[in-house]
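# Residue-level structural notes
As a plain string of letters, each chain reads:
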Amino acid sequence: MTQRASPLLLTSPALAVIGVFMLVPLGYGLAYSLLTASPYGGAELPLSTEGYVQILFQRDFDDSLYFSPTYLLILLRSIVLAGLTSVISAALGLPVAWFIASRPARWQGALLFVVTLPFWVNSLVRTYCWVLLLRDQGLINMALQGAGLTHEPLPLMYNDGATLVGLVYNFLPFMVLPIYAALERLDPRLIEAAHDLYATRRRAFLRIVLPLAVPGMRAGALMVFAPALGYFLVPDLLGGGRSLMIGNLIQSAFTSGRNWPFGAALSTLVTAGVLVFLVIAARRGRVEATP
Amino acid sequence: MKRAYDPTHSPGLGAYVALIILFLYAPLAVLTVYSFNGGNLVTVWNGASLRWFEAVIANGDIQDAALNSFIIAGSATVLATLIAIPAALGLERASRRLGVALGSLFALPLLVPEIVTAVTTLVFFASIKLRLGLANLVIAHTVFCIPFAMMPIRARVRGMGETLENAARDLYAPPLAVFRRITLPLLAPAIWSGAILAFVVSLDDFVISALVGDAGTTTLPVYVYGMIRRGITPEVNAASTLMLVFSLILAGLGRSLSRRRSRR
Amino acid sequence: MSEPAPRKPIIDLEGVSLAFGPVRAVSDVWLTIASGEFFTLLGPSGCGKTSLLRILAGFETPTSGRVRLEGTDVTTTPPHLRPVNTVFQSYALFPHMTVAENAGFGLEMLGWPKQAIRERVAEVLALVGLAALGDRRPDALSGGQQQRVALGRALAPKPRVLLLDEPMSALDLKLRKEMQNELRRLHREAGITFVLVTHDQEEALALSDRVGVMKEGEIQQIATPRDIYRQPVDSYVADFIGEANLIPAGELDREGGGLVMVRPEDVSLAGKGVPVRIEGRLLELRFLGSIVEAAVATPGGTMIRARFPSAAMEEVALPPGETVGLAWPDAAERHLER
């Protein structure tokens, strides 16, 4: 042990880069959330909590505050959509993961590759594909009208449903992988044992496979919920103005809105929320892992 | 004929998985087919043609954006990999506490929502008045590439254990020779996987490049996003399809590398 | 406690301890190993024998105490500067190198010229019976062949001491017997000191000049295989090496407490004219081919096993439940304090 480079020395370049260009910027974000907006973007002194106040309130002409739920609703929509994305991905992904895990070993790698391949495709391209499908002149509406089922294009885009479809499409592989990792270790003899003890196929799945898949689903939810919460492209391209999520709100505060403190306040709020969620989830996972 | 007993058999599961695979691939297939449309309108089929691919390849702005993307992705990948190799070794050698603390810190770029990383980096660069053009984006990309470059290396270091390195030390190899002759060759496939992953993730990025970059540093996704915003055209389809094909090539490369590793 | 080492000492451990936090893996070990000796550290898993071997190899630095190699203090010398080589439990063959490259690695690191390396590798591979397989990768070899590569690789640099960490634990029984013979031959031919770590007492007895029995980080007894078996210092050693009947001295009307140890093969059913040591109820007679094993429960609740040749069975055809007398010669018993 005496002659080896120390862990701190080996990790110091990573520590420096992530410290200076990730941790410090997060600190700057926190600091900016407590400043006053400059008229042309950026922020200046004096210190102010205006950025946070604006999340819940707007100012009347006479400068009095009144409660405005607009941004709160966007926050809630983000949480609900990210949560639904996790749940739907888990529900869709569990049978897929189980199917792959129960194939012969030589097939598993190929099947996993097939399921995860779309994840390699650029996320802009992946999201754009759904624009081609869902828009008024998109393939689905053209097909429906061509078949004479509808005369007017159905409003498939620019709503929460479109955003949800896009999010699930983007995050499904992230859910399949960890569930597969959990089920891969499942010994088929456990199911034989369940059948031997008079379980039906359905009950064997519910009592043996499902409980063993739960840790995988929890890991998957960690990988889906947090990134989905702040996802930008999908709500931007598919949701439009009617299905804004917090990522769009932050982006517009820093670009067209020119209200950096407000955007920084939202960022700080989201980051704090996500980190608290992750810490709690990791805690719970650890507690349940140690019986 | 009655099926032989198979504990893992579930009726209908295969069909369900086929449907999911259809869900995953059909949109990509639709895009690809659209991009071969020779007409000027996206929705009216006017015979198969490579015309829009030619237009994309001849488009100087797209060429510039693609070049920017490759410069950024290439530089960020090299930097992130060089940083990730020692970091992965250090993390696995660290005490439990230190390992968990540093591991969580290095995972930060994965945990913090992308949009937050983008705006805080923007704020930071603006505050310290760092205006290095492409280099600004290289720095930002290196940060979020590090965890991706590190993941496969860490897994490999953990799987390798210390025994082989100990065996080399026992056979009179000084520390540098242990690293060069044993550690590095054994990590090589994982280093390549990590590098490919980092490269793909860097090419994939839109949000950070869009917010942190300026007029001269437009990357391919940022440019194509602008095209989409201006209107759905056959040229967008062709550009998207080219990006799709390139991603698939990288994915295939990554898979063949990981297969070679698993054969070891 | 330790016997005088027969030849010139090569390894001296002076009060060596190793602690991992609050856990003491090795605790105040004093041990001298003679040059050319085949020494075995024997004990159950977790007894500290592997930690002690890692201290000898230089992978662990003792928390206290000294390690001397041929008189030189090497306590803090890193492994690559010690003339000691290890055969690892899982062999630790470098997967990206051929058999010959593996075998030549140590020589290369020592800076031998290429030609000399080639010659020595050929010599070593011939010694371990793998002359034809130099170009293979380790994963193309069977477990037994990998074991031989590991041996050849460790022997190639002509170390002063060869350390073997459970080298046969991954082999099946037949191969293990074969490798035991092989190890004895290599020890004879190489003429260097071997230190073997194992939990297999049969292996330890069959191979070693001396055996050190370990328990919870301490060496309980160091002696020749014969003495370890016949004269264990305590009930732990007696029980770990072979099978032992441990009878409380009080049951035999002896003074002073403690235990009396008798090996099952020394116990017989007392016939006419033989003085009975203790009486008990016969629980069962088990026919095991060439021998018969009797299990007898004494009134004090101790179970005593006796083993005798099947031929003697004809004379003692007794039904279970019968009260029988047990006998053994004076020389067969040993009084243990604990």
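Residues numbered from 1 in each chain as written. Chains lettered and ligands numbered in written order. Predicted model: local features only at pLDDT ≥ 70, side-chain atom pairs only at ≥ 80, totals over all residues. Heavy atoms only, no water.

This part takes up unusual backbone geometry. All names here are of chain C. Phi is positive for Glu166, which is not a glycine, with a value near 40 degrees. Tracing the chain through its elements places Glu166 in the loop between strand 7 (161-165) and helix 5 (173-190). You can call Glu166 buried: its relative accessible area is 8%. (Helix = DSSP H or I, 4+ residues; strand = E, 2+ residues; numbered from the N terminus. Buried < 20%, exposed > 50% of the residue type's maximum accessible area, 1.4 Å probe, protein only.)

Below, the discussion takes up the interface of chain A and chain B. Often, the extent of an interface is quoted as the loss of accessible area on bringing the components together. Residue-level contacts link 79 residues of chain A with 85 residues of chain B. Roughly 7800 Å² is buried in total at the junction of chain A and chain B, and carbon and sulfur atoms are behind 78% of that figure. Our count for the chain A to chain B interface comes out at 1 salt bridge. A salt bridge links A:Asp236 to B:Arg229; the nearest nitrogen and oxygen atoms lie 2.8 Å apart. Element by element, the count of residues in the side of chain A that touches chain B is highest for helix 1 (residues 7-32) of chain A, at 19 residues. By residue class, the composition of the side of chain A that touches chain B is 58 nonpolar, 15 polar and 6 charged. (Contact = heavy atoms within 4.5 Å. Buried area = accessible area lost by both parts, 1.4 Å probe. Salt bridge = Lys/Arg side-chain N within 4 Å of Asp/Glu carboxyl O. Nonpolar A, V, L, I, M, F, W, Y, C, P; charged D, E, K, R; others polar.)

The end-to-end C-alpha separation of helix 3 (residues 70-101) of chain A is 45 Å, in line with the 46 Å expected for 32 residues at 1.5 Å each. Largest kink in helix 3 of chain A: about 35 degrees, centred on A:Gly93, with the proline A:Pro95 one to four residues after it. (Expected span 1.5 Å × (residues − 1). Bend = angle between axes of the 7 residues up to and from the residue.)

On to the packing of helix 5 (residues 123-134) of chain A against helix 6 (residues 139-146) of chain A, then. All names here are of chain A. The contact between helix 5 and helix 6 brings their axes to 4 Å, and the two run at 20 degrees. The angle between helix 5 and helix 6 places the two elements in the roughly parallel class. Mapping the contact onto sequence places Leu132, Leu133 and Leu134 in helix 5 and Leu139, Ile140 and Asn141 in helix 6. For the contact of helix 5 with helix 6, the class distribution of residues is 5 nonpolar, 1 polar and no charged. (Axes fitted to C-alpha atoms, helices over the stretch in contact; angles between N-to-C directions. Parallel < 35°, antiparallel > 145°, perpendicular 65-115°, else oblique.)

Once that is clear, we can look at the pattern of salt bridges. All names here are of chain C. Scanning the entire structure with this criterion turns up 28 salt bridges over all chains. Note that Arg286 is salt-bridged to Glu284, the shortest N-O span being 3.7 Å. Salt bridges here are not isolated pairs; linked through shared partners, they connect Glu243, Glu284, Arg286, Glu293, Arg305 and Arg307.

Time to look at the pairing of strand 4 (residues 64-69) of chain C. Residue and element names in this part refer to chain C. Relative to strand 4, strand 1 (residues 9-20) runs antiparallel, the two being bridged by 5 bridges. Bridging from a neighbouring strand, Ser17 pairs with Ser64 of strand 4. Taken together, the 2 bridges between strand 4 and strand 5 (residues 72-73) define a ladder with antiparallel strand orientation. In the strand pairing of strand 5, Arg68 is matched with Asp73. Where strand 4 hands over to strand 5, the hairpin turn is made up of 2 residues, of which Glu70 adopts a positive phi near 50 degrees. (Pairing = 2+ DSSP bridges.)

Before going further, it helps to spend a moment on the sheet that holds strand 5 of chain C. Strand order in the open sheet made by the 4 strands is 2-1-4-5 (chain C), with antiparallel pairing throughout. At either end of the open sheet lies a strand with only one pairing partner, and these are strand 2 (23-34) and strand 5 of chain C.

With that settled, consider the environment of C:Ser45. Residues and elements named next belong to chain C. Checked against the element boundaries, Ser45 lands in the loop between strand 3 (38-42) and helix 1 (49-57). Of the residues examined, Ser45 reaches a relative accessible area of 70% and is grouped as exposed. Sequence spacing of Ser45 and Glu216 is 171 residues, and the spatial spacing of their C-alpha atoms is 9.6 Å.

All right, on to the confidence of the model for chain C then. Chain-level pLDDT for chain C is 89 on average; 96% of the residues reach the 70-or-more range. For this predicted complex, the interface confidence comes out at an ipTM of 0.87, alongside a pTM of 0.83. (pLDDT = per-residue confidence, 0-100.)

Here the focus is helix 5 of chain C. Residues and elements named next belong to chain C. Between the first and last C-alpha of helix 5 there are 25 Å, a value that for 18 residues agrees with the 26 Å anticipated at 1.5 Å per step. Among the residues making up helix 5, those that are buried are Met179, Gln180, Glu182, Leu183, Leu186 and His187. Contact partners of the buried residues in helix 5: strand 3, helix 3 (114-127), helix 4 (143-155), strand 7, strand 8 (193-198) and helix 6 (201-207).

Here we take up the sheet that holds strand 15 (residues 291-297) of chain C. Sheet architecture is open: 5 strands sit in the order 13-17-14-15-16 (chain C), paired in antiparallel fashion. A strand with exactly one partner marks an edge of an open sheet, and here the two such strands are strand 13 (268-269) and strand 16 (303-309) of chain C.

Moving on, we get to the environment of A:Gly146. Residues and elements named next belong to chain A. Within the secondary structure, Gly146 sits in helix 6. Residue classification places Gly146 among the exposed residues on the basis of a relative accessible area of 67%. Residues Gly146 and Ala101, spaced 45 residues apart in sequence, show a C-alpha to C-alpha distance of 41 Å.

Let's shift gears to the pairing of strand 17 (residues 323-327) of chain C. Residue and element names in this part refer to chain C. Judged by how many residues are buried, strand 17 sits mostly within the fold: 4 of 5 residues are covered. Where strand 13 lies against strand 17, 2 bridges are found, and the strand directions are antiparallel. Residue pairing in the sheet places Ser268 in a bridge with Ala327 of strand 17. Here strand 14 (residues 278-287) runs beside strand 17; their pairing, made up of 4 bridges, is antiparallel. Bridge pairing in strand 17 places Glu279 opposite Gly325.

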